[in-house]
Amino acid sequence: MRIAVTGATGLVGEFLIPRLLEDDHVVHALWRSEKRWAETFEPNKRLRWFQGDLMDMRSLETLVVDCDAVVHAALEHQPGRYRGGEGDDPTRFKLVNLKQTEALLKMLQSTQVTRTVFISSRAVFDGRGKSNASLPDSTPTKPVSLYGEIKARTEALGDALSNIGFCTLRPTGIYGATRRPQDNKWSELISHVSDGDGLSREYSNQLRTEVHGDDVASAILLLLTAPVATVEHRHFNCSDIAVSQAQLVDLMRQIKDGHTVDLESLPTGTPPTNPMLCDGLLGLGWKPGGMAKLVAALRQMLVAPI
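Just so you know, these numbers come straight off a predicted model, no measurement behind them. (Residues numbered from 1 in each chain as written. Predicted model: local features only at pLDDT ≥ 70, side-chain atom pairs only at ≥ 80, totals over all residues. Heavy atoms only, no water.)

## Thoughts on the sheet that holds strand 3 (residues 47–51)
In step 1: Spatially, 3-2-1-4-5-6-9 is the arrangement adopted by the seven strands of the open sheet, whose pairing is parallel. Pairing within the sheet leaves two strands with one partner each, and these edge strands are strand 3 and strand 9 (235–238). Geometrically, the sheet is characterised by an average inter-axis angle of 20 degrees between neighbouring strands, direction not taken into account.
In step 2: Direction of pairing for strand 4 (residues 69–72) relative to strand 5 (residues 115–119): parallel, over a ladder of four bridges. Along strand 5, the bridge assignment pairs Ala69 with Arg115.
In step 3: Sitting on the sheet, helix 1 (residues 11–22) touches strand 1 (2–6), strand 2 (26–31), strand 3, strand 4 and strand 5, and the angle it makes with strand 2 is about 160 degrees.
In step 4: Contacting strand 5, strand 6 (166–171) and strand 9, helix 5 (residues 146–159) crosses the sheet at an angle of about 155 degrees to strand 6. (Pairing = 2+ DSSP bridges. Helix = DSSP H or I, 4+ residues; strand = E, 2+ residues; numbered from the N terminus. Axes fitted to C-alpha atoms, helices over the stretch in contact; angles between N-to-C directions. Contact = heavy atoms within 4.5 Å.)

Rendered as structure tokens:
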């Protein structure tokens, strides 16, 4: 399969592109910063880079030529911020991430693309109210942030389009050892533990839902390869574990000190807010890595220089 990926140099792309190449797909990857992809990805004859962005429709048209599928992961936002990623320019945030995505999706109807996976977010559920109730895939969206609103509106837009095999993946917080350690979402916690000053700090016991980037990539691959009729116009939650800052620091200390990891000894956490059920992905055969994958990732992160 020939697959176009927008947002290829972002967090999802970092985990997705190697997985697609491992499975012998040809990848058309969109980049805005050559330095970013040059630092992140190894050369591969099945990986082709295309310069452009969401505001340049000609670059998007070139990107998808001869492609069978598109993974739309691009999002223009303030560095390190998704909710609130508009900064002080919500007009541009909406123009780039909603209006131009609409133009992209409609353009795909005139191509040979028959599979489209849109990377959404659990932010579409932020307005459901704070409770311990689990949210199935079919839960109606109720965003409160502009970020969540744009994701929810794009989901609805894609559902109204035909012939592009549109479906949605809604990852929760994505973790994993990144090629550039500074891109790691837990780099500050890792520094505290590595420097030995973590004992003097207090960390939150609030459990937050997480999923490894490799498991996000495997979920996307399932959506690209499952029979179209089983995924088209469906929305798939993507979540795996719940872990708190306090638990992460405790795990990191155990690993750093060379102790056998004891999950039973971790501090008790406050239940996560509105955890997502992932019955749709599990029904397709998705098998996330759970706490074992978290521990393995933390081992990688602790040996990488920050």
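## A look at the packing of helix 9 (residues 245–256) against helix 11 (residues 290–303)
For any two helices packed against each other, the geometry comes down to the angle between their axes and how far apart the axes lie.
In step 1: Between helix 9 and helix 11, the shortest axis-to-axis distance is 10 Å and the interhelical angle comes to 60 degrees. By crossing handedness, the relation of helix 9 to helix 11 is classed as right-handed. Residues Leu248, Leu251, Met252, Ile255 and Lys256 of helix 9 pack against Met291, Leu294, Val295, Leu298, Arg299 and Leu302 of helix 11.
In step 2: When the residues that make up the contact of helix 9 with helix 11 are grouped by side-chain class, the tally is nine nonpolar, no polar and two charged. (Left-handed = near helix turned anticlockwise from the far one by under 90°. Nonpolar A, V, L, I, M, F, W, Y, C, P; charged D, E, K, R; others polar.)

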